[in-house]
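Tertiary structure, described
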Amino acid sequence: MSKIIAGHELVPGKTVRDYVHVEGTGIDVPYVLLCGMQPGPTVLITAGIHCAEYVGIQAAVELADELDVRDLSGDLIIIPLCNRSGFEHRTMSMVYEDGKNLNRVFPGDPEGTAADRLAYVLFNTFIKNSNAHIDLHCGDGYETLVPFAYYVGDTPAEETARKMAACVNTSYCVRSRCLTGGAYNLAAVNGVPSVLIERGQLSLFPREEIDADKADVRNILKCLGVLEGEAVFYQKTQFMEYDDVSPCTGFWYPEKQPGDPFRKGEKLGEIRDCFGNCLFTECAERDGVLLYQCASLNILEKGPMIAYGVTEGPLF
Ligand SMILES: [Zn+2]
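Below you will find a few notes about this structure. These numbers were taken from a predicted model, which means no experiment stands behind them. (Residues numbered from 1 in each chain as written. Predicted model: local features only at pLDDT ≥ 70, side-chain atom pairs only at ≥ 80, totals over all residues. Heavy atoms only, no water.)

Here the focus is the packing of aromatic side chains. The final tally for this structure, using the stated rule, is nine aromatic pairs. An angle of 90° between the planes, with centres 6.0 Å apart, marks the rings of Tyr54 and Phe87 as edge-to-face. One end of the pair, Tyr54, is in helix α1 (residues 54-66); the other, Phe87, is in helix α2 (residues 84-88), with 33 residues separating them in the sequence. A ring pair is formed by Tyr242 and Tyr308, whose centres lie 5.7 Å apart and whose planes are at 20°; its orientation type is stacked. Of the two residues, Tyr242 is situated in strand β12 (residues 237-245) and Tyr308 in strand β19 (residues 304-314); the sequence distance between them amounts to 66 residues. Note on Tyr242: relative accessible area 27%, which makes it partly exposed. One aromatic cluster is present, formed by Phe148, Tyr150, Tyr184 and Tyr292 through successive ring pairs. Taking the ring centre of Tyr253 as reference, the NZ or CZ of Arg272 above it sits at 4.1 Å. (Phe/Tyr/Trp six-rings, centres within 6.5 Å; stacked < 30°, edge-to-face > 60°. Helix = DSSP H or I, 4+ residues; strand = E, 2+ residues; numbered from the N terminus. Buried < 20%, exposed > 50% of the residue type's maximum accessible area, 1.4 Å probe, protein only. Lys NZ or Arg CZ within 6 Å of the ring centre and 35° of its normal.)

Where a metal carries four tetrahedral donors, each ideal angle is 109.5 degrees; where it carries six octahedral donors, the ideal angles are 90 or 180 degrees. Every protein donor of the zinc ion is accounted for by His50 (ND1), Glu53 (OE), Glu53 (OE) and His137 (ND1), and the metal-donor separations fall at 2.0 to 2.5 Å. Each of the four donor atoms bound to the zinc ion contributes to angles spanning 55 to 144°, and the resulting shape is irregular. Read from N- to C-terminus, the donor residues coordinating the zinc ion fall into the pattern H-x2-E-x83-H. (Donors = N, O, S within 2.8 Å, 3.2 Å for Na, K, Ca; no water. Tetrahedral: all angles 85-135°; square planar, octahedral: opposite > 155°, others 65-115°.)

To continue, consider unusual backbone geometry. Phe106 connects to Pro107 through a cis peptide bond whose omega is 10°. If you trace the backbone, Pro107 turns up in the loop between α2 and α3 (114-126). In this model, Arg90 sits at a positive phi of 45°, which is unusual for a non-glycine residue. For Arg90, the location among the structural elements is in the loop between α2 and α3.

Read these as spatial facts, not as claims about activity.
What follows is the structure, encoded as structure tokens:
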């Protein structure tokens, strides 16, 4: 008997467009199952875990429409909008019902608040039944970033995950040490090789970035044997990530742009009050390259401020 996902048997050639209900909430999460004509792995593609990261969301919508079951060796699960209620209420990333960041609450809790319950369903229905996971992210409405990919180090499927990251057409990748909270982190811990792609910023969704995401996903699917053809591996610099949250609420004045290199001790930005008095100066703790940062004038206490990569050596 074939694998069953969300009550649907994965029969070769079948396409399913449906919703999974999150028990105890009003949330129904849309998903598409594309059951390949040939056997192969089950690959999960998620987007919209952060609901204002539109490049990945639109890329997933288009991939679900364009990929053809006749061309697939294996099955695809595509969830284009994981945080649907946030999208429909235009929150900036948070789950509308409880204000939680979905990517901090995996593996979730069936007895918890809406985000906990949603994470629980996403993990138990989809992630743990997959053989590989691609998670599409972007800069949020207040974030700028340089495109890069994450994979998780020191996990059972690291070797495959590293290859998946190499398929992403960016100059940088981060080998993460974070094993908790996030969907792709949890996948990795559970032996599902996973990669998180960051591309796009400020909740914009330019055509070239959507197309670049789609090309990356297709390239990874070649690497995994789901699509025919040779995968291309892109040489990139591998980083460890340093990220700092803001120590206070205030006015934020960044000094660098994503992709800019800098030296240890250099000033990266400053937080001021509304009279222009300096409240805090952010300086680099190591030589690095700026990966993403808050780009809005306001910055929030304990909210994202800046993240940069520190060289760990080339990926190859
Ligand atoms: Zn995100």
